[in-house]
Amino acid sequence: MAQTEPNLDHDVSWFLLPSYWAKLVVALISFLCFANSYDGDFVFDDSEAIINNKDLRAETPLGDLWHHDFWGSKLSSNTSHKSYRPLTVLTFRINYLFAGGFYPVGFHVINIILHCTISVLMVDVFSILLGGLQFSNKGRRLNLAPKTSLLAALLFAVHPVHTECVAGIVGRADLLCALFFLLSFLGYCKAFRENKEGHHFSIFWVLVSVILGAVAMLCKEQGITILGLNAVFDALVINKLNVLELIQKLLHKDKSLENIGLLRKGLLFRITLLMSGGASILYIRWRIMGTGPPAFTEVDNPASFADSLFVRAINYNYYYSLNAWLLLCPWWLCFDWSMGCIPLIKSVSDWRIIALAALWFCLIGLICQALCSKDSHKRRILTLGLGFLIIPFLPASNLFFRVGFVIAERVIYLPSIGYCILFTYGFSLLSKQAKKKKILAVAVLGILVINVMRCALRSSQWRSEEQLFRSALSVCPLNAKVHYNVGKNLADKGNQSAAIKYYREAVRLNPKYVHAMNNLGNILKERNELQEAEELLSLAVQIQPDFAAAWMNLGIVQNSLRRFEEAEQSYWTAIKHRKKYPDCYYNLGRLYADLNRHIDALNAWRNATVLKPEHSLAWNNMIILLDNTGNLAQAEAVGREALGLIPNDHSLMFSLANVLGKSQKYKESEALFLKAIKANPNAASYHGNLAVLYHRWGNLDLAKKHYEVSLKLDPTAPGTKENYNLLRRKLEQLQKKGGA
């Protein structure tokens, strides 16, 4: 299609494999990197995006996916992050339906397959970016850089920074986005299959490329950037545009612009198609998202809240340098980089300014070479490398809008394509100069092996929350969220003493960390350290007055301190800030029950069950309260209603069985007791109350049997020993009468 350019492979000492073997090798190695993550748990953001996301469940209409954000919240909500990724959520939903529930293996396997597929596609993509786009007379694309395209694809496949996207299920968004991003690029290249010197192209494939770009954006926002990259590729590769020459002619108002290819070969028309398509996609997305930007807090992205433009600019550039360092040396990886992990640079005397200087020194050097080099091949590769490095990163750069993170390894997935281009080109230049090319090749092979090992290690850390959170302690010891998550994980496992230590450290690092205060207050409440718990929870609601969970927990503490009026006020404040709060209504009902305000207690519990029909504790308390106040018929009705909604709840069976026994419906009561015991055979009270039923019913032998089982399970069970002794005396009396 064009004259032959210098072959990048000529001086490179590397493996030369047929295309299908190269792709097979890339697929196999990318699989080996992340295979050990296949049986990992749901970790970190997976809980919110998958387990707690109602959009995955069959009862949620499919249409809701198009009006909700990635986390299942309405896009119109003020609390929505505005992350609009319906196609990614759809794949989660399909995973959930095929697995029949929340089983993480299927989710992980799909992620691994997606990364392998993307890595294989990268062989074709890099062959175009590094070797140029040429077709045979039969319309078959030629691979003019088989060695370097294989090397670049391997570098991409084994890069450790990709672990978050592959081993973390939420990274599916980045993987799907990358898949359609690459398909859009390859589709755009197909538009020139019948091209002779660039004069003819297929509008169909250009439009397909735009559609695939839209699909990529529906998986994750970065996907839209492929349209800009297609335009850059068209200008540099198809039209062989000299950017510096164009700028000079524009500055001198040269009327011969058509001579440098701006208007030739349909470039302007194709760019108009790409830009029109991109603008339309962005407009539609903006209308769906709503006109308001997402709301983030200072802890998410502290630099964006700095008053000084200088401080904002210098810290943004420092973040860019850290992202570049993660590409160059992906050894220090962390699941979260917020909350003090990277302290703000507030002065030019901060030594970290060196990182900014180094970044811009390298970038300016590369840009100068990309613009000014007399070697057109060098200009093209460097410009494409910089384009693929920078353009996909722009949505995460804070330049156009505030983002909700400081650094996120997942957003480097696409920009790493540019890094692999630049690395491979640098390797080819070194190979050209080096006398011992094999030593250089061995060094690069060593980097690949180290990266494979690092991927495997990092994947194993992503298999469980405990390993993931603890791995971050050495990387980001100043990150309050890291300590919070370690503490939460320990608390969930019942290790409260250790959890307290990490929660305290989280609060020390971030004195406004209300979630850490709330969780620490909860643990102290359970340990009956009520005074400190109240202080922490009071401070949490003072810092964040609409923190409903903290208001509820404060109410529980105040109730325990017998400050009932304050507790009631706290509960109602929690409900004010969260209208649908069944747990708060449940606790409010307990307060009213303690105050003998039975009607209010029943109403509160009824509200809890209306909001959450499976709220077993609220149902149980209603049954027990009605039973204790002698309203057996109403207690029975409530119990039957509850079991209709939660048929396998043994505690409800037990409560209703007690009511039926008192109503002398012995047979039905017995059946429910036996069913409850079958579900929970080690509950002493179940056996004890069944024994009481048999005792009343006159089945004394069965009563004796279950009394003995109950006492064996719990020798201190209240009332059971006394009832058992009464039964034994009665049996002895009957034996004496029988003997007489």
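Residues numbered from 1 in each chain as written. Predicted model: local features only at pLDDT ≥ 70, side-chain atom pairs only at ≥ 80, totals over all residues. Heavy atoms only, no water.

Under an unreviewed UniProt entry, the name given to the chain is dolichyl-phosphate-mannose--protein mannosyltransferase, and the organism recorded is Calidris pygmaea. Checking UniProt for the chain, the heading Pathway (unreviewed entry) contains the comment "Protein modification; protein glycosylation." Here the chain is described in UniProt, under the heading Sequence similarities (unreviewed entry), as follows: "Belongs to the TMTC family." (UniProt positions renumbered as here; feature names shortened; annotations may be inferred.)

Together, F15, L17, Y20, W21, L24, L445, V449 and M453 make up a nonpolar patch on the protein surface, roughly 820 Å² of accessible area in all. Among the elements of the structure, α1 (19-34) and α16 (437-461) are those that each provide at least two residues to the nonpolar patch. By secondary structure assignment, the location of F15 is in the segment before α1. Residue classification places F15 among the partly exposed positions, given a relative accessible area of 47%. (Patch = residues over 30% accessible without salt bridge, like charges linked within 9 Å, V, L, I, M, F, W, Y side chains within 5 Å. Areas by Shrake-Rupley, 256 points an atom, 1.4 Å probe, with all protein chains shown as cover. Salt bridge = Lys/Arg side-chain N within 4 Å of Asp/Glu carboxyl O. Helix = DSSP H or I, 4+ residues; strand = E, 2+ residues; numbered from the N terminus. Buried < 20%, exposed > 50% of the residue type's maximum accessible area, 1.4 Å probe, protein only.)

Time to look at the environment of S651. You can see S651 is positioned in helix α28 (residues 650-662). With 28 residues separating them along the chain, S651 and A679 place their C-alpha atoms 9.5 Å apart. If sequence neighbours within four positions are ignored, S651 has contacts with S616, N620 and Y686. Among the polar contacts listed, one links the side chain of S651 to the side chain of S616, at a separation of 3.5 Å. A distance of 2.9 Å separates a polar atom in the side chain of S651 from a polar atom in the side chain of N620. (Contact = heavy atoms within 4.5 Å. Polar contact = N/O pair within 3.5 Å; in protein donor to acceptor, adjacent residues only side chain to side chain.)

Topologically, N682 is positioned in the loop between α29 (666-679) and α30 (684-697). Put simply, N682 and C372 are 310 residues apart on the chain and 81 Å apart in space, counted from C-alpha to C-alpha.

For the rest of this paragraph, the subject is the packing of aromatic side chains. Under the counting rule described, the total for this entry stands at 27 aromatic pairs. Plain terms: the ring middles of F42 and F102 are 6.4 Å apart, the flat faces sit at 85 degrees to each other, and that makes the pair edge-to-face. Taken together, the residues span a long stretch of sequence, with F42 in the loop between α1 and α2 (46-51) and F102 in the loop between α3 (86-99) and α4 (104-131) at a distance of 60 residues. In this structure F42 comes out as buried when scored by relative accessible area, which is 12%. Look at F185 and F388: their rings are 5.9 Å apart centre to centre, the planes differ by 90 degrees, and that puts the pair in the edge-to-face class. A residue pair is termed long-range when its members are at least 10 positions apart, and F185 in helix α7 (residues 172-190) and F388 in helix α14 (residues 376-390) qualify at 203 residues. With relative accessibility at 1%, the residue F185 sits in the buried group. Owing to a relative accessible area of 1%, F388 belongs among the buried residues under this scheme. Counting every residue linked through ring pairs, the aromatic cluster contains F42, F70, W71, F92, Y96, F102 and F107. Directly above the ring of F70 sits R85, whose terminal nitrogen or CZ lies 5.0 Å from the centroid. (Phe/Tyr/Trp six-rings, centres within 6.5 Å; stacked < 30°, edge-to-face > 60°. Lys NZ or Arg CZ within 6 Å of the ring centre and 35° of its normal.)

Before going further, it helps to spend a moment on the layout of surface pockets. There is about 1,400 Å³ of room inside the second largest pocket. Lining the second largest pocket we find 50 residues, and of these Y320, S321, A324, W325 and L359 sit closest to its centre. Counting residues per element, the ones that place at least two in the lining of the second largest pocket are α12 (309-328), α13 (353-372), α14 and α15 (416-433). Split by residue class, the lining of the second largest pocket holds 40 nonpolar, 8 polar and 2 charged. (1 Å grid on protein atoms, 1.4 Å probe; cavity = no way out; pocket = protein on both sides within 12 Å on 5 of 7 lines; lining within 4 Å. Points joined across faces, edges and corners; volume = space filled by probe spheres on them. Nonpolar A, V, L, I, M, F, W, Y, C, P; charged D, E, K, R; others polar.)

Applying the stated rule across the entire model yields 1 disulfide. Disulfide pairing is shown between C341 and C476; the S-S distance is 1.8 Å. The sign of the S-S torsion, about -40 degrees, decides the handedness of the disulfide formed by C341 and C476: left-handed. Taken together, the residues C341 in the loop between α12 and α13 and C476 in the loop between α17 (465-473) and α18 (480-492) connect sequence positions 135 residues apart. Since its relative accessible area comes to 1%, C476 is described here as buried. Just so you know, C189 is unpaired, no disulfide at all, and the nearest cysteine sulfur is the one on C177, 17 Å from it. C189 sits in the buried class, given a relative accessible area of 2%. With no disulfide of its own, C362 lies closest to C368 among cysteine sulfurs, the gap being 12 Å. (Disulfide = S-S within 2.5 Å.)

Packed helices, taken two at a time, are described by the angle between their axes plus the distance between the axes. Viewed as axis vectors pointing N to C, α15 and α16 meet at an angle of 160 degrees, and their least axial separation amounts to 10 Å. One finds that α15 runs roughly antiparallel with respect to α16. Where α15 crosses over α16, the two elements pack in a sense that is right-handed. In this structure, α15 uses F423, F427, L430 and S431 to contact α16, whose residues at the interface are K437, L440, A441, V444 and I447. Residue composition of the contact of α15 with α16, grouped by class: 7 nonpolar, 1 polar and 1 charged. (Axes fitted to C-alpha atoms, helices over the stretch in contact; angles between N-to-C directions. Parallel < 35°, antiparallel > 145°, perpendicular 65-115°, else oblique. Left-handed = near helix turned anticlockwise from the far one by under 90°.)

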